[in-house]
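# Architecture at a glance
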Amino acid sequence: MASFKLICSFLLVVLMSSCFQTQAFPGLGLIPEFYQFSCPQANEIVMSVLENAIAKDPRMAASLLRLHFHDCFVQGCDASVLLDDSKTIVSEKNSRPNKNSLRGFEVIDEIKAKLEQVCPHTVSCADILALAARDSTVLSGGPHWEVPLGRRDSRTASLRISNTNIPAPNSTIQTLITKFKQQGLDEEDLVALSGAHTIGMARCATFRQRLYNQNGKNQPDVTLEKNYYNGLKAVCPKVGGDNNISPLDVSSPVRFDNKYFKLILWGKGLLNSDEVLLTGNVKKTMELVRIYAENEDLFFHQFANSMVKMGNINPLIGFKGEIRKNCRRVN
Ligand code: HEM
Ligand SMILES: *[C@@H]1O[C@H](CO)[C@@H](O)[C@H](O)[C@H]1NC(C)=O
């Protein structure tokens, strides 16, 4: 009898939270069970599309992980990043950090189309981004975590906020810390989440300054290891070749591991924003780079925690926003 009561009250809470999740229950935020009844196949559908997409193009895992980051830092995790230009929308896709850079929109479209067939008008594009980021991490060999769900999709986008909130690759450590603080993320989150650069590629335009003109001095960044530096110059000439790409983690570009942190210790971090975690004279971030380079389990653990934290940035819940039918436009 007691266990019956327990099960009943559990079900009630889950039902209430998925059916009536509103601002009237401020204690009820996102929950992993959100689609348990309305779309129990949601997780499998996301995973199956990603398995194919990543088998075809291993870099796609990195691109999808990045999409969730660029979504969450602009008006919160509300799929604003997915909206195309229209009469009412000025797309974030044309912002400085995003233009000629973000990838993976077609994969999100494919997931959304499958979900609309199986559970129409139920799973938000913002939740698809959060699940895709987790599954991309797992499929690349990284940690697993439960993804809190129940985000809804925005009816707006902000090109301006996309330009201001997403840090540039030549940011100082102070700028990185400030931009993360503005999102409620601390130094521990900054270092762990930067570990996403254990997979994926970056364009010459994003690291050229380090090779030829660090701090406007017409000199290379002295922290770059010699051989690595020479290799980068071959990919990234002083003029032209803006879209030539180089791995963010040169030793294992499609494997989610803690090599990224070891590379930083060896002067082989690609972006200035990677390097300054160690050389920016902030004790806390320096220590964490060393700790994660030593201990992959600790990095995986903190990465999972920080991804949940990032995924919780200002979601639309209750009656706010909408569930888009097509992730590229408002209903
Ligand atoms: C700390 C501040 C960060 C800066 C300054 C930064 C900057 C960049 C830049 C410049 C690129 C290359 C873009 C291009 O070539 O056009 C890149 C790629 C990438 N970033 Fe970040 N990033 C940061 C944090 C993050 C975070 C928090 C994540 C995810 C949790 C992330 C995930 C990625 C991934 C996976 C790629 C590779 C994408 C691909 O290959 O398509 N980054 N980042
Ligand atoms: C970063 O790069 C941008 C664009 O190339 C440039 O305008 C800016 O001055 C650079 N900032 C720093 C701190 O070097």
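From a predicted model like this one, the values you see are computed outputs, not experimental measurements.

## Let's talk about the nonpolar core
- In this structure, L82, I108, F303 and M310 are the most contacted members of the largest nonpolar core, which totals 77 residues.
- Counting contributing residues per domain, this core is built from domain 1 (24–165) and domain 2 (173–309), each supplying no fewer than three.
- Filtering out sequence-adjacent residues up to four positions away, M310 remains in contact with H68, F69, C72, F73, C77, L185 and L193.

## Regarding the coordination of the iron atom of ligand 1
- The sole protein-derived ligand of the iron atom of ligand 1 is H197 (NE2), positioned 2.1 Å away.
- Tracing the chain through its elements places H197 in the loop between α8 (187–194) and β1 (201–203).

## Concerning unusual backbone geometry
- One non-glycine residue, N281, adopts positive backbone phi at about 65°.
- One non-glycine residue, N314, lies in positive phi territory at about 40°.
- When its relative accessible area of 53% is taken as the criterion, N314 is described as exposed.

## As for the environment of L224
- Tracing the chain through its elements places L224 in the loop between α9 (204–212) and α10 (226–235).
- The buried category is assigned to L224, whose relative accessible area is 9%.
- Each C-alpha atom, one on L224 and one on D249, is 14 Å from the other, the two residues being 25 residues apart in sequence.
- Those residues in contact with L224 that lie beyond four places of it in its chain are R210, L211, Y229, L232, G267 and G269.

## A few points about empty space enclosed by the protein
- Applying the stated criterion to the full structure yields one cavity of 30 Å³ or more.
- The volume enclosed by the largest cavity comes to roughly 70 Å³.
- Going through the elements one at a time, α5 (125–139) and α14 (296–311) are the ones with two or more residues in the lining of the largest cavity.
- When its residues are assigned to classes, the lining of the largest cavity shows seven nonpolar, two polar and two charged.

## Describing the layout of surface pockets
- Quantified by volume, the largest pocket comes out at close to 1,000 Å³.
- Taken together, 41 residues make up the lining of the largest pocket; nearest its centre are R66, F69, H70, H197 and L271.
- Of all the secondary structure elements, the ones that give two or more residues to the lining of the largest pocket are α3 (60–72), α7 (173–181), α8, β1, α9, α12 (272–279) and α14.
- Counted by class, the lining of the largest pocket contains 24 nonpolar, eleven polar and six charged residues.
- Two domains each put at least three residues into the lining of the largest pocket: domain 1 (24–165) and domain 2 (173–309).
- Lining the second largest pocket are 24 residues, with Q214, N215, D221, N272 and V276 positioned closest to its centre.
- Listed by contribution, the elements that provide at least two residues to the lining of the second largest pocket are α9 and α12.
- Ranked by residue count, the leading element in the lining of the second largest pocket is α9, at six residues.
- Partitioning the lining of the second largest pocket into residue classes produces seven nonpolar, twelve polar and five charged.

## A word on the pattern of salt bridges
- Scanning the model with the defined rule gives 15 salt bridges in all.
- We note a salt bridge from D57 to R103, for which the minimum N-O separation is 3.0 Å. One end of the pair, D57, is in the loop between α2 (42–56) and α3; the other, R103, is in the loop between α3 and α4 (105–118), and 46 residues separate them in sequence.
- Taking the relative accessible area as the measure of exposure, R103 reaches 25% and is therefore partly exposed.
- One salt bridge connects R208 with D242, and the closest N-O pair in it is separated by 3.0 Å.

## Some thoughts on the site of ligand 1
- Taken together, 27 residues are adjacent to ligand 1, and R59, S63, S101, H197 and R203 come closest.
- Measuring from an oxygen atom of ligand 1, one finds a side-chain N or O atom of R59 at 2.8 Å.
- With respect to the pocket detection grid, ligand 1 is positioned in the largest pocket.
- Put simply, the parts of the chain that give the shell around ligand 1 at least two residues each are α3, α7, α8 and β1.
- When residues of the shell around ligand 1 are assigned to their parent elements, the largest contribution, four residues, is made by α3.
- The residue makeup of the shell around ligand 1, split by class, is 16 nonpolar, seven polar and four charged.
- The residues that make up the shell around ligand 1 include at least three from each of domain 1 (24–165) and domain 2 (173–309).

## As for the domain arrangement of the protein chain
- Taken domain by domain, the protein chain comprises domain 1 (24–165) and domain 2 (173–309).
- Contact residues are listed per partner, giving 24 residues for domain 1 and 18 residues for domain 2.
- A buried area of about 1,700 Å², summed over both sides, lies between domain 1 and domain 2, and 68% of it is on carbon and sulfur atoms.
- Summed over the three residues of domain 1 that lose the most area to domain 2, namely R59, F73 and W145, the buried surface amounts to 29% of that side.
- Scanning the region where domain 1 abuts domain 2 turns up zero salt bridges.
- Taken together, the elements giving at least two residues each to the side of domain 1 that touches domain 2 come down to α3, α5 and α6 (159–165).
- Of all the elements, α3 adds the most residues to the side of domain 1 that touches domain 2, at six residues.
- Partitioning the side of domain 1 that touches domain 2 into residue classes produces eleven nonpolar, ten polar and three charged.

Definitions and cut-offs
Residues numbered from 1 in each chain as written. Chains lettered and ligands numbered in written order. Predicted model: local features only at pLDDT ≥ 70, side-chain atom pairs only at ≥ 80, totals over all residues. Heavy atoms only, no water. Core = buried A, V, L, I, M, F, W, Y, C linked by side-chain atoms within 4.5 Å. Buried < 20%, exposed > 50% of the residue type's maximum accessible area, 1.4 Å probe, protein only. Domains from an automatic or database assignment. Contact = heavy atoms within 4.5 Å. Donors = N, O, S within 2.8 Å, 3.2 Å for Na, K, Ca; no water. Helix = DSSP H or I, 4+ residues; strand = E, 2+ residues; numbered from the N terminus. 1 Å grid on protein atoms, 1.4 Å probe; cavity = no way out; pocket = protein on both sides within 12 Å on 5 of 7 lines; lining within 4 Å. Points joined across faces, edges and corners; volume = space filled by probe spheres on them. Nonpolar A, V, L, I, M, F, W, Y, C, P; charged D, E, K, R; others polar. Salt bridge = Lys/Arg side-chain N within 4 Å of Asp/Glu carboxyl O. Near = heavy atom within 4 Å. Polar contact = N/O pair within 3.5 Å; in protein donor to acceptor, adjacent residues only side chain to side chain. Sits in = over half its atoms within 2 Å of the grid points. Buried area = accessible area lost by both parts, 1.4 Å probe.

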